[in-house]
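# Coordinate inspection notes
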Amino acid sequence: MAEPSPPSGPAAGGTQPEEADRLRDILLTPGYLKALVLCALIGVPVSLAAFWFLVGLHELEHLLWADLPHHMGRDAPAWWWPLPLLLVAGLGVGQIAARLPGAGGHIPALGLHAGGASSTALPGVLLAAVASLPFGAVLGPEAPLIALGGGLALLFRDLARAPSTPQSTALLGAAGAAAAIAAIFGNPLIAAVLLMEIAGVGGPRLFAVMLPALLSSGVGSLVFTGFGNWTGLETGSLNLDLPTPTPRLDAGDVLWSLPMAVAIAVVMRLVLGGGRLVAAYVRSGVRFRTVVCALGAAACAALYSLITGRSPVDVASSGQATLSTLASDAHTWGVGALVAVLLLKGAAYTLCLGSLRGGPVFPALFLGAATGVLLAPLPGLGLVPAMAAGMAAAAAATLRLPVSSVVLVALLLGSADVTPVVILAAVVAFVTTELLPPDLRRFASSRARRSSAGTTAGGSSRP
């Protein structure tokens, strides 16, 4: 796609008519129209690839955490169960990061990135995700899905011998990533908004990039939903079974959501900063230190099970399935269990953010929801508004994408009644995050980025 040159004139910033003309010129470019059609076609194979990838992760996780304990005569995994599984995860990811191109993908503590993996790095990204997520890494599948979608879109372009330009790479990468990410969140709107904020584009470029992403995610979501119904296979779901009807908001819900959002934002930024420091620690000995961090996360899950008598799955894994049970049976979680899961899952999350491979969204949503359940008995604060505010604040502080966080949490809740609290919590958490002292954040981010650049340069890392 050949993007037209910006209009010349005395006003460098451009007026509204100039912006409209600019957008029209982009949309009428023949290369752009061809790219738009190609993006719609790409949504089909990318969604199918995402479907089977998620099915494989779901089935393997079920085998490791449900079937095998059942065959051993246990209703739930034993307290020590995470130790061997996360040992395997640490060994696998350490070897992949050291030997394969791309070092198994970007470090989760650095957040989500819009760029898809190259064709040479994509196998390592997928293998690292398979070695991490089903074995109990406290991470979600969204980052590998973004890499899968973007990488496959560019691979299809190369196979079709379509022209390779920076503009087509941006368009097709965003479209492929959106088609894949729509699979896990179950809604193309979330994928489009998420990619919009990650890309950080605006003006006519916003529409130029997001039209293909929205189109591809919509097509991919249709194919994904229909194919899932036809096969009967499960990929996991974020549907929350909240108490109905949703209670009406009152002044207490609104007032309590503000300090909650501030506190959650501070804690989540500390967790992410810790994850970046873990990434810097792992960098100098990726094989051995990845194993150490994975075993540390396993020890958190085992300690939680010993203390509370509950399943170690509450701490291990992304929290996607546990979030549904927390929403539907919040009364079964005592104060001690909630405090323990927040502390120990938070610690395991920190270790996994800097050592294993996956995405940061799902554990953040769970930690925010668990905080809401813990604080719900406060005077005037309801359970559903507390969970909504907690999830929105945790997502906004972790991703630093406030609009995406609001859309995601609002669609998960399935009710417009608590949307005001979701918006307030997300905005307050985002502003709090931006106003935090930057010294530690800059230090940790620079060290982690140097380590990430070191692992990806040349496709390998030496311990």
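Because the structure is predicted, anything quoted here is derived from the model rather than measured.

Applying the stated rule across the entire model yields 2 cavities of 30 Å³ or more. In this structure, the second largest cavity is lined by F185, I190, L194, L399, S404 and L408. Mapped onto the lining of the second largest cavity, the elements with two or more residues apiece are α7 (188-199) and α15 (402-413). A class-by-class count of the residues in the lining of the second largest cavity yields 5 nonpolar, 1 polar and no charged.

Attention now goes to the packing of helix α9 (residues 251-283) against helix α13 (residues 361-375). Between α9 and α13, whose axes approach to 12 Å, the crossing angle comes to 140°. One way to sum up the angle between α9 and α13 is to call them oblique. Two packed elements cross with a definite hand, and for α9 against α13 that hand is right-handed. Packed against α9, whose contacting residues are M260, I264 and M268, the element α13 presents A364, L367, T371, G372 and L375 at the interface. In the contact of α9 with α13, the residues fall into 6 nonpolar, 2 polar and no charged.

Of the residues in the chain, 73% reach a pLDDT of 70 or more, and the chain-wide mean stands at 80. Note on residues 1-14: pLDDT under 50 across the span, and 21 contacts to partners over four residues away in sequence or across chains. In the model, residues 451-463 has pLDDT below 50 throughout and makes 31 contacts with residues more than four positions away in sequence or in other chains.

Attention now moves to α9. With 33 residues, α9 extends 48 Å from end C-alpha to end C-alpha; this agrees with the ideal 48 Å at 1.5 Å per step. By the N-cap criterion, in which a side-chain oxygen at the helix start approaches the backbone nitrogen of a residue two or three places on, α9 is capped by D250, the distance to G252 being 3.2 Å.

All told, the structure shown has 2 salt bridges when counted by the stated rule. Residue R310 is joined to D314 by a salt bridge in which the shortest nitrogen-to-oxygen separation is 3.0 Å. R310 gets classed as partly exposed once you look at its relative accessible area, which sits at 24%.

Moving on, we come to helix α10 (residues 286-308). Spanning 23 residues, α10 covers 33 Å between terminal C-alpha atoms, matching the ideal 33 Å at 1.5 Å per step. Of the residues making up α10, those classed as buried are V286, T290, V291, C293, A294, A297, A298, C300, A301, A302, Y304 and S305. Buried residues belonging to α10 abut α3 (82-99), α9 and α12 (335-355). Downstream of α10 by one or two residues, G309 has phi in the positive range, about 75°.

A separate point is the packing of aromatic side chains. Here the structure, examined in full by the defined rule, presents 3 aromatic pairs. Measuring from centroid to centroid gives 5.2 Å for F51 and W52, while their planes differ by 80°, and the two rings are edge-to-face. What makes F51 buried here is its relative accessible area of 1%. Exposure remark for W52: the relative accessible area of 45% places this residue in the partly exposed category.

Reading guide: rules and limits
- Residues numbered from 1 in each chain as written.
- Predicted model: local features only at pLDDT ≥ 70, side-chain atom pairs only at ≥ 80, totals over all residues.
- Heavy atoms only, no water.
- 1 Å grid on protein atoms, 1.4 Å probe; cavity = no way out; pocket = protein on both sides within 12 Å on 5 of 7 lines; lining within 4 Å.
- Points joined across faces, edges and corners; volume = space filled by probe spheres on them.
- Helix = DSSP H or I, 4+ residues; strand = E, 2+ residues; numbered from the N terminus.
- Nonpolar A, V, L, I, M, F, W, Y, C, P; charged D, E, K, R; others polar.
- Axes fitted to C-alpha atoms, helices over the stretch in contact; angles between N-to-C directions.
- Parallel < 35°, antiparallel > 145°, perpendicular 65-115°, else oblique.
- Left-handed = near helix turned anticlockwise from the far one by under 90°.
- Contact = heavy atoms within 4.5 Å.
- pLDDT = per-residue confidence, 0-100.
- Expected span 1.5 Å × (residues − 1).
- Polar contact = N/O pair within 3.5 Å; in protein donor to acceptor, adjacent residues only side chain to side chain.
- Salt bridge = Lys/Arg side-chain N within 4 Å of Asp/Glu carboxyl O.
- Buried < 20%, exposed > 50% of the residue type's maximum accessible area, 1.4 Å probe, protein only.
- Phe/Tyr/Trp six-rings, centres within 6.5 Å; stacked < 30°, edge-to-face > 60°.

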